[in-house]
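Structural overview for review
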Amino acid sequence: MFDLSLLSQAIDEGDREKTLKLTTEALEAGVNPQEIIAQGLQAGMAIVGEKFSSGEYFLPDMLMAARAMKAALEVLKPALEKTGMPTIGRVVIGTVEGDMHDIGKNVVATFLSGNGFEVFDLGLNVPVQRFIQEVKEKKPDILGMSALLTTTMPVMGKVIEALKEAGLRSQVKVIVGGAPVTQEYANYIGADGYAHDGGKAVPVCRELVGK
Ligand code: B1M
């Protein structure tokens, strides 16, 4: 059995090469990519976050861990995307304005495209009006927003308000997520869906498009 805590440790150390090697080995050992992300990579990021909060780590430590995790996700991407399902819905997704965290959003986007959704990823630090413009142009079934900071969470509510002002709210379902976001918060800002992680985002989005 593959020990995924080794992978968490490699992320904690910010060791890109070790993370890549262990991710490849885990895949070869037949470990499910979703498990590799949740119990290996994301668990490592949680340790990094705790050490940052306690003052043991600084910004460069978070950056090193992020670099290692992004590289590992590239290795996992083909395995997550190889379902070859027909398209069941269109999603526009992005991290809201003021927020530079995109790893979790990338995980969600990869899960969705691996499960039959056509995904348009707007990247990070996406201005409110860019979301509106993309909804007008791409006519997605779902708009997904990610926020990792308590200070940027309210921007998701601003986008929902802007959708209403533009007369687009009834045309698109909205799903929100990110570490500080909760179901209660999603309800509070009037989102249609919330998912705790990438795996959960798939059934929530399927439900939102009625499939
Ligand atoms: Co920063 N950061 N960071 N950071 N960072 C956090 C979020 C923090 C919790 C760390 C801490 O203090 N413990 C803290 C926020 C505190 C708060 O707001 N309460 C924090 C801070 C303070 C900051 C800065 C302000 C630090 C500074 O400058 N002094 C700064 C802010 C910059 C900005 O955004 N304006 C900053 C910067 C950075 C880096 C750039 C260095 C880097 C991000 C690199 C990148 O993303 N490209 C970084 C990192 C790496 C982290 C931690 C350590 C890890 C985040 C991560 O990638 N996790 C993070 C601590 C933590 O989260 N434990 C932290 C792994 C990822 C797979 O999980 O993103 O949670 P996550 O995504 C999950 C779910 O949340 C969910 O599914 C994903 C996959 O399963 N999900 C969705 C996410 N989006 C979703 C959307 C959905 C549905 C589900 O639907 C659409």
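Residues numbered from 1 in each chain as written. Predicted model: local features only at pLDDT ≥ 70, side-chain atom pairs only at ≥ 80, totals over all residues. Heavy atoms only, no water.

1. A short note on the domain arrangement of the chain
- Taken domain by domain, the chain comprises domain 1 (5-80) and domain 2 (89-209).
- For domain 1 and domain 2, the distance between their C-alpha centroids amounts to 24 Å.
- Listed per partner, the contact involves nine residues of domain 1 and eight residues of domain 2.
- Summed over both sides, the interface of domain 1 with domain 2 buries roughly 740 Å², with 76% coming from carbon and sulfur. (Domains from an automatic or database assignment. Contact = heavy atoms within 4.5 Å. Buried area = accessible area lost by both parts, 1.4 Å probe.)

2. Quick look at the coordination of the cobalt atom of the ligand
- From the protein, the cobalt atom of the ligand takes a single donor atom, His101 (NE2), 2.2 Å away.
- Counting through the fold element by element, His101 comes out in the loop between β1 (89-95) and α5 (103-114). (Donors = N, O, S within 2.8 Å, 3.2 Å for Na, K, Ca; no water. Helix = DSSP H or I, 4+ residues; strand = E, 2+ residues; numbered from the N terminus.)

3. Section: the packing of helix α2 (residues 16-28) against helix α3 (residues 33-53)
- Where α2 contacts α3, the axes come no closer than 10 Å and their chain directions differ by 140 degrees. By the angle between their axes, α2 is oblique relative to α3. α3 is crossed by α2, and the crossing has right-handed handedness. Of the residues in α3, those in contact with Thr19, Thr23, Ala26 and Leu27 of α2 are Pro33, Ile36 and Leu41.
- Tallied by class, residues from the contact of α2 with α3 come to five nonpolar, two polar and no charged. (Axes fitted to C-alpha atoms, helices over the stretch in contact; angles between N-to-C directions. Parallel < 35°, antiparallel > 145°, perpendicular 65-115°, else oblique. Left-handed = near helix turned anticlockwise from the far one by under 90°. Nonpolar A, V, L, I, M, F, W, Y, C, P; charged D, E, K, R; others polar.)

4. A word on the site of the ligand
- The local shell around the ligand holds 36 residues, among which Ser53, Met100, His101, Asp102 and Ser146 are the closest.
- Between Gly178 and the ligand, the recorded distance is 3.5 Å, taken from a backbone N or O atom to a nitrogen atom.
- Spatially, the ligand is embedded in the largest pocket.
- Of all elements in the fold, only α3, α4 (59-81), α5, β3 (142-146) and β4 (173-177) reach the threshold of two or more residues within the shell around the ligand.
- Among the residues making up the shell around the ligand, the classes are represented as 19 nonpolar, 13 polar and four charged.
- Shared between two domains, the shell around the ligand takes at least three residues from each, and those domains are domain 1 (5-80) and domain 2 (89-209). (Near = heavy atom within 4 Å. Polar contact = N/O pair within 3.5 Å; in protein donor to acceptor, adjacent residues only side chain to side chain. 1 Å grid on protein atoms, 1.4 Å probe; cavity = no way out; pocket = protein on both sides within 12 Å on 5 of 7 lines; lining within 4 Å. Sits in = over half its atoms within 2 Å of the grid points.)

5. Thoughts on the layout of surface pockets
- Here the largest pocket is characterised by a volume of approximately 1300 Å³.
- Along the wall of the largest pocket there are 47 residues; nearest its centre are His101, Ile103, Gly104, Leu148 and Ala179.
- For the lining of the largest pocket, the secondary-structure elements that each account for two or more residues are α3, α4, β1, α5, β3, β4 and α9 (198-208).
- The element best represented in the lining of the largest pocket is α3, accounting for eight residues.
- Each of two domains, domain 1 (5-80) and domain 2 (89-209), supplies a minimum of three residues to the lining of the largest pocket.
- Roughly 240 Å³ of volume is contained in the second largest pocket.
- Looking at the second largest pocket, it is lined by 15 residues, and the ones nearest its centre are Glu74, Lys77, Asn106, Val107 and Thr110.
- Put simply, the parts of the chain that give the lining of the second largest pocket at least two residues each are α4, α5 and β2 (117-121).
- Taken together, the residues of the lining of the second largest pocket break down into seven nonpolar, three polar and five charged.
- Shared between two domains, the lining of the second largest pocket takes at least three residues from each, and those domains are domain 1 (5-80) and domain 2 (89-209). (Points joined across faces, edges and corners; volume = space filled by probe spheres on them.)

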